[in-house]
Amino acid sequence: MNQEKMLAASARVALAALLHDIGKFAERAGMASTDLDGNKAIYCPLVPGQQGRYSHIHAAFTGIAMDGIENHLPDIKQGVMHPFKSWGDRSDDSLINAAAMHHKPETPMQRVIATADRLASGFERREFDDYNQAEEGQEEASGKRVNHLRARLMPLLETVTLTGRPEKALHRYPLRAMAPETLFPMAATDQPGDDKKAREDYRILWEEFLKGLEDIPAAHRSYLPLWLDHFDSLWLTLTHAIPSATATRKPGGGFLPIPADVSLYDHSKAVAALAVALWRYHDERATLESVFSADGWRNESQEDEFFLIQGDFSGIQEFIFASGETSDKAAKRLRGRSFMVSLLTELAAMKVLQAFALPVTSQITNAAGKFLIVAPRLPDAEERVRRVAKELDQWFLDHTFGISAIGLATTAANRRDFAKGDAFKKLINHLFAALDQSKRRRFDLCGTTNPALFSLDYSGGDCAIDGRRPGTETWEGDKKICRLCSDQIDIGKHLVRLNRLLVTREVVNDATLSLDYFGYRVTFTKEKEASGQFGSLAREEKLLRAWDFSLPRDGDSPLWQGYARRAINGFVPKGADGNILEFGDIAQVGEGVAALGVIKGDVDNLGLIFQNGLEHPTFARMAALSRQVNAFFAIYLPWLCSQEYFNTYTVFAGGDDFFLLGPWQEQQDLLQRCRKDFHRYVQNKEIHFSAGFVMAKPGIPVPALASLAEESLEQSKKRMVDKQLVKNAVTCWQRTVSWEDFEKLRHVEQELSELVVRMKNNHGVTVGTAYVYGLLHLCEKAEGKKPEDALWVSWFVYRTWRLVVDRLPNMNEEKKKEIYQKEFMEIIGKRIGEYRENLKIALFRYLYQQREKS
């Protein structure tokens, strides 16, 4: 079977697995059916010892739902349905039956999906048998019983712990379509108190789902791999907050504890990836019928059926900040380079998928330059990865001289590796170790597949922007630049007015980027109405991907525009003419000195969180954890900037880190807000991020800005308390403090500003900047590094009286003493003793606000 036919067949398996639990959605939404009893008899197992009573009713609704949405899907009944049978053959082994029979499988393909369902949840064989004999329900830790209709998804992030047993989750996600505001959990007490309200929430979601199916371009239904990418985004948008499973009531009484902390999306996506890999592994070996026979499938295979492939973009900062240009002329080009990092990562993942003829659902994670793909361990799996790695290496050598690269790491796994708990923890550790080893073997220079050396023609001079590559393209009159920089400039222009992107293998039109990216061509286009002209490309199977990368419209509207969505865009401030503002213009915003504020941050101990943070880790939980961390930075943060911090430039935001640039005051305000919102997002004191802030003139070279921000972040990561490394800090003006102290110091600065105003308005006395500058010296003395520094209080008293208090007009000594004690000692003197040099954070902010722009 050729690659295209194998990809189509794999996409059918993925679709069946992805929709295996759609019945939970349909049942809870109250979807009507005239043949519910008939579907129960076909798809639902009987409850042992209770004649005529069925469990897992949602399986019946899976069959009903798939019939109901059939008109909006690619053909799932007729024609070539391999590896399933067509509906017209009257066979039990149809795609619909494969999806709905996962609790009582009767054919090899049905058992493949049932097995993938078990592995995604981390069940051992016996546990899964118990689960198959149970009925849905929920019992919370408090002993209170809540039915599956009212149960709401528990935040996985809230239960993460690195110090002991997890706390009880006190929050739940609202049952609403994905949007920036609906990403945040609510108090558990806000769950619906009756079935009517609970079902209404599901009904609204279901109607949005049906409408969303209609929004996918009809022409794209002719090419299942393309359509499946769109559907995956729709499925995420509408099911990200639906619990995939709740505790179940056993036939003999009691409950099976299944925490409702994995969404229907994350579970079904994991099932789809595992099912495709299982089928492909055994289809290749012609062992499907024997291994997944009625008896054989109950034997736990110890073969390494799975091949996990990780990708990692190394040298991201070097790629984005590669040129030596000054920051006041770099805004649009910087945006293009930042976007390209995400684009290249997506395309590299596509290249791996293509090498194995896998659909997009086999790509479990993709965030911040990293991705994870579940492939079958085919006989030539290692060679396929080597070929892709060599092509990626050659591209990065040709276009970045090896400064950046996307490395690939592989790990073989068997079914037992997916069992929740210690077995899966061991698999996670293997993944981390493999990725670390890959980073140390960039370009395989000591191996046998190292790429070819490059031969370059510099007859046209070198690139006027990056200074390394040959200049081949004309730019700004008579200058020459390389094709990579030319594409980055074009991307910067496109991002201002376009929000969709097409991936093909051929040039589409004049908007197609000039370079070939791993064998793909990239074209930017407008809204779906304008890109409808590309329907013929879809019908001819030439349109491989069509991505919507627009920012959220508002805080509540579903993140769905009819196309596959990629959160790879950031907010950038624009001028009245619609063009991106240059950094020099941004620096002029706000009071005081004209300067940029640059902030860089990332989540503390993220590796440990993934390796040890979950009490019962499973494949689906790991995927959910990655997706949820990424969503805050890739979805919520750019939207927040677009709504409230209009002059902030998101250089990058995604995965677990962010790099922002804007007016220095606005950036400090945003930094404080970001930390507050992140805490509200995770609801967990053990999950936090550190950040570094630097202030700089816009004329400083961009690489220098990045280096300063990185140094500031590293300083935060070294924060110690009682000789213990705690991180969870911010560094500002080279002072590292806890987030709590940072907020308090912001309050001190406000008090100082108000004090200066009061002294002027009430007493006609100016508290000059010379007085405040002197406080900086006293802060250093308060550190007590020398014996004579203990006199700092005396110096404070002396300077305050000489420069301010003694100038108070028509006032007796007692009144002066009262003002000194109340206004200066309480607000400033005591704070110097409390914060010492860290008080400089408040003093510098005040002083820089007093300076005039230059």
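Keep in mind that what you see is a predicted model, and the values were worked out from it rather than measured.

Undergrad: Looking at this model, I keep getting lost on the overall build of the protein. Mind explaining?
TA: Within the protein, the secondary structure is distributed over 28 helices and 23 strands. Its C-alpha radius of gyration of 30 Å places the protein within 12% of the 29 Å reference for a compact globule of 854 residues. Taking the principal axes of the C-alpha coordinates as reference, the protein spans close to 100 × 75 × 50 Å. Taken over 854 residues, the protein has a buried fraction of 61%. Counting only contacts in the protein whose residues sit at least 6 apart along the sequence, the fraction spanning at least 24 positions is 72%. In the form shown here, the protein has an accessible surface area of approximately 33400 Å², with 48% of it arising from carbon and sulfur atoms. The averaged location of the 115 negative side-chain charges in the protein is 2 Å from the averaged location of its 110 positive side-chain charges.

Undergrad: Any chance you could explain the sheet that holds strand E12 (residues 500-504) here in plain terms?
TA: Strand pairing in a sheet relies on backbone hydrogen bonds, with the paired strands running either antiparallel or parallel. Reading across the sheet, the four strands line up as E13-E12-E14-E15 and stay open at both edges, with mixed pairing between neighbours. Looking at which strands have only one partner, the edges of the open sheet turn out to be strand E13 (521-525) and strand E15 (564-565). Sheet topology note: the E12/strand E14 (residues 543-548) ladder contains five bridges and is antiparallel. Across the sheet, the residue bridging to Val503 is Arg545, located in E14. Sheet strands touched by helix H13 (residues 331-356): E12, E13 and E14. Its angle to E14, the strand with the most contacts, is close to 145°.

Undergrad: Hey, could you run me through the sheet that holds strand E18 (residues 657-663) in this one?
TA: If you walk across this open sheet you meet the six strands as E17-E18-E16-E19-E22-E23, and the pairing is mixed. Since the sheet does not close on itself, it has two edges, and those belong to strand E17 (649-654) and strand E23 (735-738), each with one partner. Between one strand axis and the next, the sheet turns by 15° as a mean value, whatever way the strands run. Where strand E16 (residues 596-603) and E18 come together, seven bridges link them in antiparallel fashion. Following the sheet pairing, Leu596 is matched in E18 by Pro663.

Undergrad: Quick question: what am I supposed to make of the pairing of strand E9 (residues 405-413) here?
TA: When a strand is regular, its side chains alternate between the sheet's two faces. Counting buried residues along E9, seven of its nine residues qualify, which places the element largely inside the surrounding structure. Taken together, the nine bridges between strand E6 (residues 306-314) and E9 define a ladder with antiparallel strand orientation. Each residue of the ladder has a partner; that of Phe307, found in E9, is Ala412.

Undergrad: What am I meant to see in the side chain of Gln110 here?
TA: Here Gln110 is to be found in helix H6 (residues 108-121). Non-local contacts of Gln110, meaning those with residues more than four positions away in its chain, are made with Asp92, Asp93, Asn97, Ala98, Met101 and Pro105.

Undergrad: Looking at this model, I keep getting lost on the packing of helix H1 (residues 3-18) against helix H10 (residues 264-285). Mind explaining?
TA: Packed helix pairs are specified by the crossing angle of their axes together with the interaxial distance, meaning the distance between the axes. The geometry of H1 relative to H10 is characterised by a closest axis approach of 8 Å and an angle of 140° between their N-to-C directions. Considering the angle they form, H1 stands oblique to H10. Every pair of crossing elements has a handedness; the one defined by H1 and H10 is right-handed. For the pair H1 and H10, contact is made by Met6, Ala9, Ser10, Val13, Ala14, Ala17 and Leu18 and by Ser268, Lys269, Val271, Ala272, Ala275, Val276, Trp279, Arg280 and Asp283, respectively. Tallied by class, the residues present in the contact of H1 with H10 amount to eleven nonpolar, two polar and three charged.

Undergrad: Just checking my understanding: could you explain the packing of H1 against helix H9 (residues 224-239) for this structure?
TA: Here H1 crosses H9 at 25°, and the two axes come no closer than 10 Å. The pairing of H1 with H9 is recorded here as roughly parallel in orientation. The crossing of H1 and H9 is left-handed. Along its contact with H1, which presents Leu7, Ala8, Ala11, Arg12, Ala14, Leu15 and Leu18, the element H9 presents Leu224, Pro225, Trp227, Leu228, Phe231 and Trp235. Classifying every residue of the contact of H1 with H9 by side-chain character gives twelve nonpolar, no polar and one charged.

Undergrad: Looking at this structure, I do not really get the environment of Ala624. What am I missing?
TA: Take Ala624: it is sitting in helix H21 (residues 619-644). Sequence separation between Ala624 and Arg545 is 79 residues; the distance between their C-alpha atoms is 24 Å. If we skip the residues at most four places from it in the chain, Ala624 touches Leu156 and Asp266.

Undergrad: I keep staring at unusual backbone geometry and nothing clicks. Help me out?
TA: With the exception of glycine, the majority of residues adopt a negative phi angle, and the majority of peptide bonds are in the trans configuration. Here the residue pair His82 and Pro83 is connected by a cis peptide bond, since its omega of 10° sits within 30 degrees of zero. By the element assignment, Pro83 lies in the loop between helix H4 (58-68) and helix H5 (95-100). The phi dihedral of Glu541 is positive, around 60°, even though this residue is not glycine. Along the polypeptide, Glu541 turns up in the loop between helix H18 (535-539) and E14.

Undergrad: What is the right way to look at the side chain of Ser642 in this model?
TA: Along the polypeptide, Ser642 turns up in helix H21. For Ser642, a relative accessible area of 17% gives the class buried.

Undergrad: I keep staring at the environment of Pro74 and nothing clicks. Help me out?
TA: Its location among the elements puts Pro74 in the loop between H4 and H5. Note on Pro74: relative accessible area 7%, which makes it buried. The sequence separation of Pro74 and Ala218 amounts to 144 residues, and the corresponding C-alpha distance is 9.2 Å. Those residues in contact with Pro74, other than ones at most four positions away along the chain, are Arg221, Leu224 and Trp227.

Undergrad: How should I be thinking about the pattern of salt bridges in this particular structure?
TA: Counted according to the given criterion, the structure contains 49 salt bridges. Between Lys785 and Glu837 there is a salt bridge; the shortest N-O distance is 3.7 Å. Linking Lys785 in the loop between helix H25 (769-781) and helix H26 (792-803) with Glu837 in the loop between helix H27 (813-835) and helix H28 (840-850), this pair joins segments that are 52 residues apart in sequence. Note that Glu818 and Lys815 form a salt bridge whose closest N and O atoms lie 3.8 Å from each other. Highlighted residues: Glu818 and Lys815, both in helix H27, separated by three residues, approximately one helical turn. Owing to a relative accessible area of 35%, Lys815 belongs among the partly exposed residues under this scheme. Through salt bridges with shared partners, one network takes in Arg735, Glu780, Glu783, Lys785, Glu837 and Lys840.

Undergrad: Help me understand the pairing of E23, please; the structure alone is not making it clear to me.
TA: By the bridge criterion, four bridges tie strand E22 (residues 729-732) to E23 in an arrangement that is antiparallel. Bridge pairing in E23 places Val730 opposite Val737. Following E22, the chain reverses through two residues before pairing antiparallel with E23; Trp733 in that reversal takes a positive phi of roughly 50°.

Undergrad: Got a minute to help me understand the confidence of the model for the protein in this structure?
TA: Atom-level detail of predicted coordinates should not be read off regions where pLDDT is low. Residue-level pLDDT values for the protein average 91, and 92% of them are 70 or greater. Predicted confidence for residues 138-143 stays below pLDDT 50, and this span has 16 contacts to residues more than four positions away or in other chains.

Undergrad: For this particular structure, what's the right way to read the nonpolar core?
TA: As a rule of thumb, nonpolar side chains are buried together in soluble globular proteins. Counting residues in each nonpolar core, the largest one holds 276 residues, and the members touching the most others are Phe209, Phe796 and Phe824. Among the elements that make up this core, the one with the highest residue count is H21 (16 residues). Excluding its chain neighbours within four sequence positions, the residues that come into contact with Phe796 are Tyr771, Leu775, Leu778, Tyr820, Phe824, Met825, Ile828, Gly829 and Ile832.

Thresholds, definitions, all that
- Residue numbers here run from 1 along each chain, matching the order of that chain's written sequence.
- The model is predicted, so local features are restricted to residues of pLDDT at least 70 and side-chain atom pairs to those at 80 or more, both for listing and for counting; the totals for chains, interfaces and linings are taken over all residues.
- In computing side-chain values, all of the structure's heavy atoms are included and hydrogens and water are not.
- Helix and strand assignments come from DSSP, with helices taken as H or I runs of at least 4 residues and strands as E runs of at least 2, each series counted from the N terminus.
- The globule rule is 2.2 Å times the number of residues to the power 0.38, and the radius of gyration it is compared with is taken over C-alpha atoms.
- Accessible area is worked out with a 1.4 Å probe on protein chains only. A residue is then buried under 20% of its type maximum, exposed over 50%, and partly exposed in between.
- Contact criterion: two residues are considered in contact whenever any of their non-hydrogen atoms come within 4.5 Å of each other.
- Surface accessibility in these figures is a Shrake-Rupley result with a 1.4 Å probe; residues are shielded only by whichever protein chains are displayed.
- For the purpose of charge, His is not counted, nor are the chain termini; Lys and Arg are scored as positive and Asp and Glu as negative.
- For charged residues, the charge sits on one atom: NZ in Lys, CZ in Arg, CG in Asp, CD in Glu.
- A pair of strands counts as paired when DSSP detects no fewer than two bridges linking them.
- Axes here mean lines fitted to C-alpha atoms, for a helix over just the part in contact, with angles spanning 0 to 180 degrees between N-to-C directions.
- Should an angle lie under 35 degrees it is considered roughly parallel, over 145 roughly antiparallel, and from 65 to 115 roughly perpendicular; all remaining angles are considered oblique.
- Less than a right angle of anticlockwise turn of the near helix away from the far helix marks a crossing as left-handed, whereas a clockwise turn marks it as right-handed.
- Nonpolar residues are Ala, Val, Leu, Ile, Met, Phe, Trp, Tyr, Cys and Pro. Charged residues are Asp, Glu, Lys and Arg, and all others, Gly as well, are polar.
- A side-chain nitrogen of Lys or Arg and a carboxyl oxygen of Asp or Glu constitute a salt bridge if their distance falls within 4 Å.
- Every residue gets a pLDDT, meaning the predictor's confidence in that residue, from 0 to 100.
- By convention a nonpolar core is built from buried Ala, Val, Leu, Ile, Met, Phe, Trp, Tyr and Cys residues, the set being connected through side-chain atoms within 4.5 Å.

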